[in-house]
Amino acid sequence: MSVSTVVPREQTQQILDRRAPVTTRYLASTPFTTSDRLEDCATQFGANVFLMEGDLRYTYAQFNARANQVARALHAKGVRKGDVVALSMENRSAFFFAWMGIAKTGAVAAFLNTHVSGKPLAHALEVTGARYAIVGEECMPRFAETAGIDEHLVYLHWPDAERPATDAQRAGFGDDLQQLAAQESPDNVPAEWREDLRAGDTAQYIFTSGTTGLPKAAVVSHARWLMAGDAMKLLWEIEPSDCFYCFLPLYHGAASMSATSTSMSAGASLVVRRKFSRSEFWSDVRRYQITCCQYVGEICRFLLSVPPAANDKEHSLRKMAGTGLTPEIWQQWVNRFGSRFRIYEGWGGTESNTNTVNVDNHVGSCGRVPFWEKTNLRLVRFDQEKGDYIRDENGFLQLAGVNEPGEALGMVIQHPEVVAGRFEGYTNAEATEKKILRNVFQQGDAWWSSGDLLRCDEEGYCWFVDRIGDTFRWKSENVSTMEVTDALVEFPGADAVTVYGVQVPGHDGRAGMAALVMLPGVPFDADGFWKLALERLPRYAAPLFVRLMDTPDMTGNYKLRKVDLQKQGFDASRVSDPLYIRDDRLKTYVPLSAQAMSEALRG
């Protein structure tokens, strides 16, 4: 948790005082780790239910016992403090047992994206230096089809009742870790296994949910994981009676850091589901009496696309936290599902050393910074057309003005003992250095570069503008993909809307393009889309092109993937989906053809 967490004016000092221990308790040399948190939970909340999956229930005491058994089995296979153990498994109880079992040996867990194979998978194993890999049976095919994996990697596998592997498939994946663990003692493992392990040491490698190229492995220390949970417990006001819903992939930070760490910090419960299901979401909420849920990307809009029901407001869900909830969807959500929600829209990332959180339900804002001098967050002026910073006469960066979009930077706290505010970086030193700006406001300072544009209003409320590069220029005007998306998401029948800029031969800048996924059985209303776009957007910002897709192109964490769409553009030789172009003369979108494009660009 960074020092820039924001709060409403009337609560600022109170919560700043309350969270003071959060930023000082875990100095880098503090002998307290993820494993110690679990063992404390087993003592303090032993009888509380921690984990639920289907009809299965595990108390904190039972969870700790399972982790101990896994740790002993891993230790018997040679896993020692400092080793890296890759974990490839979908969201299920076994993920938690394996994860905390790794932690109890003093080893580092490297969470692998369960959707990747081939070069990205081999890359992930290589950059983390994994010596061991725990592979769920459901993920075995990804490994089997991947060449270039280190032949010295030691495999262990975990059965999957939902998608069991054959004996032949299991043959190349080592011993059954679940079976080995069942034979071990459930007592806490010897403290000597983690001797000299400190809060500042690496606990996990979590890969960034990049939309292109090979993802980077972000370093997450024990202290950072622990502080994230402690801070969120305070900000979200989590109690032992609360219950989290975990359907976002555990291999990303939102679920493994925020939800898991926060629930354990409070002694609360957590329900794990393999994957998000819009049809089962509210059934799960009511079945398990879920009170807290994370959202990312398109989740809330997906749920709003389900036909209204008479019991929409009859549920236990009261707190939601995440990113990417637009003001329009926010308002639709509370109107349909109830006004008692506390929505904690935030900004930040797995590797970021600063963040913001909206704690006072200010619709659309991602947080508030009432006292900039008490944070390590700054917004600096950025020339979107030139793609560079705006500097003063001495070459230093300049602070963005009120309501002026600026790149968010986080001052890197350079102190060997202070974890809060430091940039822990990636396994690759070169990639880490690329994210650090030096001599920003004065000689010798260092700031983490987010690549995100935010703006801050007169009252200190922050608003996400766009990712740098997602803002494109057309007809000599800057266009924000996020603003265009916000204007179009209410198009009747649309299940997903992705907006991006594409190059047009012979023209400067990039023209807007929208990739639409329509709900099953709903045809694309070209006239209606033109009307909505031109009513809500300036002509230069309304998408020039439309692509109709069967499914949205998304990352495993439900973030829309734009880079491949941008590369494909409107090239019919690379795109088999229906393509349309805007015809302002006919006030509609027409099928793309050379003639239609010539007429549209002439206008």
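The rules behind each value
Throughout this description, residue numbers start from 1 for each chain and increase along the sequence as written. Per-residue local features of the predicted model are confined to residues with pLDDT of at least 70, and side-chain atom pairs are confined, for both listing and counting, to 80 or more; whole-chain, interface and lining totals are unaffected and use all residues. Here the side-chain values reflect all heavy atoms present in the structure, with hydrogen atoms and water set aside. Segments assigned H or I by DSSP are reported as helices when at least four residues long, segments assigned E as strands when at least two residues long, and all are numbered from the N terminus. Throughout, radius of gyration means the C-alpha value; the globule benchmark is 2.2 Å times the number of residues raised to the power 0.38. By definition, residues are in contact when any of their heavy atoms lie within 4.5 Å. All accessible areas in this document rest on Shrake-Rupley with a 1.4 Å probe, and a residue is counted as covered only by the protein chains that are shown. Under this rule, positive means Lys or Arg and negative means Asp or Glu; His and the chain ends count for nothing. Charge positions come from single atoms, namely NZ of Lys, CZ of Arg, CG of Asp or CD of Glu. Strand pairing is assigned whenever DSSP detects at least two bridges linking the two strands. All axes here are fitted lines through C-alpha atoms, helices being fitted over the stretch that makes contact, and every angle between N-to-C directions spans 0 to 180 degrees. Residues belong to one nonpolar core when they are buried, are Ala, Val, Leu, Ile, Met, Phe, Trp, Tyr or Cys, and are joined through side-chain atoms within 4.5 Å. Residue burial is assigned from relative accessible area. The probe radius is 1.4 Å, only protein chains are included, and a residue is buried under 20% of its type maximum, exposed over 50%, and partly exposed in between. Per residue, pLDDT captures the predictor's confidence, and it can take any value from 0 to 100. Any angle between 65 and 115 degrees counts as roughly perpendicular, while under 35 counts as roughly parallel, over 145 as roughly antiparallel, and the rest as oblique. By definition, turning the near helix anticlockwise from the far helix through less than a right angle yields a left-handed crossing, and turning it clockwise yields a right-handed one. Think of it as three bins: nonpolar holds Ala, Val, Leu, Ile, Met, Phe, Trp, Tyr, Cys and Pro, charged holds Asp, Glu, Lys and Arg, and polar takes everything else, Gly as well. Think of it this way: a Phe, Tyr or Trp ring, Trp meaning its six-membered ring, pairs with another when their centres are within 6.5 Å, and the plane angle makes it stacked under 30 degrees, edge-to-face over 60, tilted otherwise. When a carboxyl oxygen of Asp or Glu lies within 4 Å of a side-chain nitrogen of Lys or Arg, that pair is called a salt bridge.

1. Topic: the overall build of the chain
Counting its secondary structure elements, the chain contains 19 helices and 29 strands. Its C-alpha radius of gyration of 25 Å places the chain within 12% of the 25 Å reference for a compact globule of 603 residues. In terms of overall dimensions, the chain has a C-alpha envelope of 75 × 60 × 50 Å along the principal axes. For the chain, the share of sequence-separated contacts (at least 6 apart) that also reach a separation of at least 24 residues comes to 70%. For the chain, the accessible area works out to roughly 24,600 Å², and carbon and sulfur atoms hold 48% of it. In the chain, the 64 positive side-chain charges and the 75 negative ones have mean positions that sit 1 Å from each other.

2. Considering the sheet that holds strand S26 (residues 510-518)
Taken together, the five strands give an open sheet; going across it, the order is S25-S26-S27-S28-S29, and neighbouring strands pair in mixed fashion. At either margin of the open sheet sits one strand with a lone partner, and together these are strand S25 (494-503) and strand S29 (588-591). Averaged over all adjacent pairs, the angle separating strand axes in this sheet is 30°, with direction ignored. Helix-sheet contacts for helix H17 (residues 526-536) involve S26, strand S27 (545-549), strand S28 (579-583) and S29, and the interaxial angle to S29 is about 135°.

3. Some points on the nonpolar core
Generally speaking, soluble globular proteins have nonpolar side chains that are buried together. Counting 146 residues, the largest nonpolar core has Phe-281, Trp-333, Phe-524 and Phe-545 as the members making the most contacts within it. If sequence neighbours within four positions are ignored, Phe-524 has contacts with Phe-491, Leu-516, Met-518, Phe-529, Val-546, Leu-548, Tyr-580 and Tyr-589. Counting 23 residues, the second largest nonpolar core, distinct from the first, contains Leu-112, Ala-133, Phe-207 and Val-219.

4. So, the confidence of the model for the chain
Within the chain, residue pLDDT values average 90, and 93% of them lie at 70 or more. A low-confidence stretch, residues 1-23 (pLDDT under 50), is modelled with 60 contacts involving residues beyond four sequence positions or located in other chains.

5. Digging into the packing of helix H3 (residues 34-44) against helix H4 (residues 60-76)
Direction vectors running N to C along H3 and H4 enclose 140°, while the axes themselves pass 8 Å from each other. Taken together, the axis directions place H3 and H4 in an arrangement best described as oblique. Judged by the twist between their axes, the crossing of H3 over H4 is left-handed. Here H3 contributes Leu-38, Glu-39, Cys-41 and Ala-42 to the contact with H4, which in turn contributes Tyr-60, Ala-61, Phe-63, Asn-64 and Ala-67. Its residues placed into classes, the contact of H3 with H4 shows seven nonpolar, one polar and one charged.

6. Considering the packing of aromatic side chains
The final tally for this structure, using the stated rule, is 40 aromatic pairs. Relative to Tyr-155, the ring of Phe-143 lies with its centre 5.9 Å away and its plane at 80°, an arrangement referred to as edge-to-face. One end of the pair, Phe-143, is in helix H7 (residues 140-144); the other, Tyr-155, is in strand S6 (residues 154-158), and twelve residues separate them in sequence. Across the pair, exposure class does not vary: Phe-143 and Tyr-155 are buried alike. Centroid distance Tyr-245 to Phe-281: 5.5 Å. Interplanar angle 55°. Geometry classified as tilted. One end of the pair, Tyr-245, is in strand S10 (residues 243-246); the other, Phe-281, is in helix H12 (residues 281-288), and 36 residues separate them in sequence.

7. Looking at the pattern of salt bridges
What the rule picks out here adds up to 29 salt bridges. Residue Lys-319 pairs with Asp-242 through a salt bridge whose shortest N-O separation is 3.4 Å. Linking Lys-319 in strand S13 (residues 319-323) with Asp-242 in the loop between helix H10 (222-235) and S10, this pair joins segments that are 77 residues apart in sequence. Of the two residues, Lys-319 and Asp-242, both sit in the buried class. Asp-577 serves as the salt-bridge partner of Arg-547, at 2.9 Å between the closest nitrogen and oxygen. Within this pair, whereas Arg-547 is found in strand S27, its partner Asp-577 is found in the loop between helix H18 (563-568) and S28, the two being separated by 30 residues in sequence. For the pair shown, Arg-547 and Asp-577 are each scored as buried. Through salt bridges with shared partners, a single network forms among Glu-90, Asp-160, Glu-162, Arg-163 and Arg-274.

8. Looking at the side chain of Gln-204
Mapping Gln-204 onto the fold places it in strand S8 (residues 202-207). Excluding its chain neighbours within four sequence positions, the residues that come into contact with Gln-204 are Thr-34, Trp-99, Val-108, Ala-109, Phe-111, Ala-218, Val-219, Val-220 and Trp-225.

9. A few points about the sheet that holds S13
The strand order across the open sheet formed by eight strands is S2-S1-S11-S10-S12-S13-S14-S15, and the pairing between neighbours is mixed. Of all strands in the sheet, those bounded by a partner on one side alone are strand S2 (56-59) and strand S15 (356-357). Of the pairings in the sheet, the one linking strand S1 (residues 49-53) to strand S11 (residues 269-272) comprises two bridges and is parallel in character. Bridging across to S11, Met-52 finds its partner in Val-271. Packed on one face of the sheet, H4 meets S1 and S2 and runs near 90° to S2.

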